[in-house]
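A closer look at the structure
So the chains spell out like this:
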Amino acid sequence: MKTKAAVLFEAHTPFEIIELDLDGPGPGEVLIKYAASGLCHSDLHLVDGALVPRFPIVGGHEGSGIIEEVGPGVTKVKPGDHVVCSYVPNCGTCRYCSTGRQSLCDMGARTPEGSMPDGSFRFHSGKEDFGGMCMLGTFSERATISEHSVVKVDDWLPLETAVLVGCGVPSGWGTAVYAGGVRAGDTVVIYGIGGLGINAVQGAVSSGAKYVVVVDPVAMKREAALKFGATHAFADAAAAAEKVNELTWGQGADQALILVGTVDEEVVQNATAVIGKGGTVVITGLADLTKLTVHVPSADLTLNQKTIKGSLFGSANPQYDIVRLLRLYDAGQLKLDELITTKYTLEQVNEGYQDLRDGKNIRGVIVY
Ligand SMILES: NC(=O)c1ccc[n+]([C@@H]2O[C@H](COP(=O)([O-])OP(=O)(O)OC[C@H]3O[C@@H](n4cnc5c(N)ncnc54)[C@H](O)[C@@H]3O)[C@@H](O)[C@H]2O)c1
Ligand SMILES: [Zn+2]
Ligand SMILES: [Zn+2]
């Protein structure tokens, strides 16, 4: 069959809308008709060259849709099921899945090629194979993907909203709740209020943080954070650090969460300095893989028992947490509708990313 998709042929070029051939589902695979796709900053890293995948690649890894067909042996979902895609597959049986660490599933090893778990491809044009970002390629009308990349969700939920729970919401919320381990009474500093950072605010607030101090140079982002429950918002890290010092009587923050668009050594240094004894820095934002971005005095970590850690998918378990977060939304305890700034068509994907660069969007969403 044919599908229209937004494809990247190389870095530093725009996405091109082209028609591709799409294979139907083989064993363990499903054909999905995407309903929506979020515009996450990680796809922008493909464009900017910080993440280097196998080209050409169909962009997009935050997706929701309806299963149209299943391949032999698939029992997880059936045609007609509503699903949210997990940008990390979860096989359920590898060392990590079987110990409650699905965000580290071994099946994610195929992510840079964007192939199926067996290394083959389902998108083609002539003799050329096309990968899909994070084994998904949600910037396409349809895709054939692994059954391990989908999570069945309640079919009364709007897929255009539920899509956000495929990456931005769990990655941000889990950064605070799971990786940061925010507890009632904690003081949390959050750097970067985009599609992820705003959900770190929601996670910190739901965990009972006393103070949630955010840093973002864009005024609209700071205003949004305050609406989502942040207690203080600053345009620069130094002003935030001064406030944290005052609020905590010099003890420092309990957690500093880094969710900026591109991580650099300055933000890591600021985060490490703003936490107090026993505090934790979580690095969720990405940076060029070849750049050294953590430069801090190790003696500060030793003498103050500070922790610096990374987090993927908010250190959450997609199979459980995607459903869990949607049920919190359904119960009115998690904001999702308010996260969507602008809706686009697939043809407007480059415009959507320009809006992200220009600081106009909390989250842009392509609706099919
Ligand atoms: N670890 C994961 O599982 C995971 C998942 C998805 C995305 N990501 C990464 O997380 C990061 C954030 O993604 P997003 O979609 O929310 O991006 P975004 O562009 O929507 O948001 C980034 C925000 O950071 C702000 N910012 C930039 N520099 C800053 C600085 N020095 N101090 C404070 N704020 C700053 C920007 O103004 C913007 O509001 C990206 O690097 C993305 O690739 C990681
Ligand atoms: Zn993402
Ligand atoms: Zn696994």
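Residues numbered from 1 in each chain as written. Chains lettered and ligands numbered in written order. Predicted model: local features only at pLDDT ≥ 70, side-chain atom pairs only at ≥ 80, totals over all residues. Heavy atoms only, no water.

**Re the site of ligand 1**
To be explicit about the condition: To be near a molecule or strand, a residue needs just one of its heavy atoms within 4 Å of it. For the purposes of these results, a polar contact is taken to be a pair of N or O atoms within 3.5 Å, where, inside protein, one atom must be able to donate a hydrogen and its partner to accept one; residues adjacent in sequence count only when each atom of the pair is a side-chain atom. Method for areas: the Shrake-Rupley scheme with a 1.4 Å probe, in which residue coverage is limited to the protein chains shown. In this text, helices come from DSSP runs of H or I with a minimum length of four residues, and strands from runs of E with a minimum of two, each type numbered from the N-terminal end. Each residue is assigned to one class: nonpolar for Ala, Val, Leu, Ile, Met, Phe, Trp, Tyr, Cys and Pro, charged for Asp, Glu, Lys and Arg, and polar for all the others, Gly among them.
The environment of ligand 1 is made up of 28 residues, and the closest members are His-41, Tyr-87, Asp-216, Gly-261 and Arg-363. The separation between an oxygen atom of ligand 1 and a polar side-chain atom of Tyr-87 is 2.5 Å. One nitrogen or oxygen atom from the main chain of Thr-284 is found 3.0 Å from a nitrogen atom belonging to ligand 1. In isolation ligand 1 exposes 870 Å². Once the protein is present, 87% of that is buried. Take the shell around ligand 1: its biggest share by element is three residues, from helix α1 (residues 41-48). In terms of residue class, the shell around ligand 1 is made up of 14 nonpolar, eleven polar and three charged.

**Some thoughts on the sheet that holds strand β2 (residues 16-22)**
Note the following rule: Two strands make a pair as long as DSSP finds a minimum of two bridges between them.
Strand order in this closed barrel of five strands is β1-β2-β7-β8-β4, and the pairing throughout is mixed. Bridge count for β2 against strand β7 (residues 123-125) is two bridges, and the pairing is antiparallel. Looking at the pairing, Asp-21 lines up with His-124 of β7.

**Focus on the packing of aromatic side chains**
As a reminder of what qualifies: Side-chain rings of Phe, Tyr and Trp (the six-membered ring for Trp) are treated as a pair once their centres are within 6.5 Å; stacked means planes under 30 degrees apart, edge-to-face means over 60, and tilted covers the remaining angles. Exposure classes here rest on a 1.4 Å probe applied to the protein chains alone. A residue is buried below 20% of its type maximum, exposed above 50%, and partly exposed in between.
One pass over the full model with this rule turns up six aromatic pairs. A ring pair is formed by Phe-9 and Phe-130, whose centres lie 5.9 Å apart and whose planes are at 85 degrees; its orientation type is edge-to-face. Placement of Phe-9 in the loop between β1 (2-8) and β2 and of Phe-130 in strand β8 (residues 128-132) is noted, with a sequence separation of 121 residues between them. A residue is classified by how much of its surface remains accessible, and Phe-9, at 33% relative accessible area, is partly exposed. Taking the centre distance of 5.5 Å and the plane angle of 85 degrees together, the rings of Phe-15 and Phe-139 count as edge-to-face.

**Topic: the sheet that holds strand β13 (residues 232-234)**
Basically, it comes down to this: Axis geometry follows a simple rule: fit a line to the C-alpha atoms, using only the stretch in contact for helices, then measure angles between N-to-C directions, giving values from 0 to 180 degrees.
If you trace the six strands from one edge of the open sheet to the other, you get β13-β12-β11-β14-β15-β16, paired in parallel fashion. The open sheet terminates on both sides in strands that have one partner only, identified here as β13 and β16 (307-310). Mean inter-strand twist for the sheet, computed between neighbouring axes without regard to direction, equals 15 degrees. Relative to strand β15 (residues 275-283), strand β14 (residues 253-258) runs parallel, the two being bridged by five bridges.

**Some thoughts on the pattern of salt bridges**
Pairs can form between side chains of opposite charge once their charged atoms are near each other. To keep things clear, this is the line we draw: One speaks of a salt bridge when a side-chain nitrogen belonging to Lys or Arg is within 4 Å of a carboxyl oxygen belonging to Asp or Glu.
Per the counting criterion, the structure on display carries 15 salt bridges. Between Arg-122 and Glu-29 there is a salt bridge, with the nearest N and O atoms lying 2.7 Å from each other. Placement of the pair is Arg-122 in the loop between β6 (82-85) and β7 and Glu-29 in strand β3 (residues 29-38), with a sequence separation of 93 residues. Among the salt bridges present, the one from Glu-113 reaches Arg-110, with a minimum N-O distance of 2.8 Å. Given the relative accessible area of 26%, Glu-113 is considered partly exposed. One continuous salt-bridge network, built from bridges that share partners, spans Lys-78, Asp-81 and Lys-152.

**Here we look at the coordination of the zinc ion (ligand 2)**
Our working definition: Sites may look incomplete because water is not among the atoms; the donors themselves are N, O and S atoms within 2.8 Å of the metal, or within 3.2 Å for Na, K and Ca.
Taken together, Cys-40 (SG), His-61 (NE2) and Cys-167 (SG) make up the protein donors of the zinc ion (ligand 2), found 2.0 to 2.3 Å from the metal. In primary-sequence terms, the residues that donate to the zinc ion (ligand 2) follow C-x20-H-x105-C. Here His-61 is found in the loop between β4 (57-58) and β5 (63-70), whereas its partner Cys-167 is found in the loop between α2 (159-162) and α3 (168-179), with 106 residues between them in sequence. For Cys-167, a relative accessible area of 4% puts it in the buried group.

**A few points about the coordination of the zinc ion (ligand 3)**
Basically, it comes down to this: Angular criteria define each label, namely tetrahedral for four donors with all angles between 85 and 135 degrees, square planar for four and octahedral for six donors with opposite donors over 155 degrees apart and remaining angles between 65 and 115, and irregular for whatever fails these tests.
Listed as protein donors to the zinc ion (ligand 3) are Cys-91 (SG), Cys-94 (SG), Cys-97 (SG) and Cys-105 (SG); their distances from the metal cover 2.4 Å. Its four donor atoms give the zinc ion (ligand 3) angles of 100 to 118 degrees at the centre, a pattern that matches the tetrahedral case. Sequence positions of the residues that donate to the zinc ion (ligand 3) give the spacing C-x2-C-x2-C-x7-C. The exposure class assigned to Cys-97 is buried, which follows from its relative accessible area of 8%.

**Considerations on the nonpolar core**
Soluble globular proteins: nonpolar side chains tend toward being buried together. Rules: Buried residues of nine kinds, namely Ala, Val, Leu, Ile, Met, Phe, Trp, Tyr and Cys, make up a nonpolar core once their side-chain atoms join them within 4.5 Å. Domain delimitation in this document rests on an assignment produced automatically or drawn from a domain database. The contact rule is simple, with two residues in contact once any of their heavy atoms fall within 4.5 Å.
Phe-139, Ile-145, Ile-190, Val-201 and Leu-326 are the most contacted members of the largest nonpolar core, which totals 87 residues. Built from parts of two domains, this core gets at least three residues from each of domain 1 (2-166 + 335-367) and domain 2 (172-311). Those residues in contact with Val-201 that sit more than four places away from it in its chain are Ile-190, Ile-193, Val-212, Val-214, Ala-225, Phe-228, Gly-229 and Ala-230. Within the second largest apolar cluster, 21 residues are counted, among which are Tyr-191, Val-244, Ala-271 and Ile-283.

**Focus on the domain arrangement of the protein**
Operational definition: Values labelled buried area give the accessible surface lost by two parts on being combined, using a 1.4 Å probe and summing over both.
Examined at the domain level, the protein breaks down into domain 1 (2-166 + 335-367) and domain 2 (172-311). The C-alpha-based centres of domain 1 and domain 2 are spaced at 28 Å. Interface area, domain 1 with domain 2, both sides summed: about 1,200 Å², of which 65% is carbon and sulfur. Taken together, the links from domain 1 to domain 2 amount to zero salt bridges. Inspection of the domain 1/domain 2 interface yields four residue pairs in polar contact (both at pLDDT 80 or more). By residue number, the principal contributor to the side of domain 1 that touches domain 2 is α1, which donates three residues. Residue classes in the side of domain 1 that touches domain 2 are distributed as five nonpolar, five polar and four charged.

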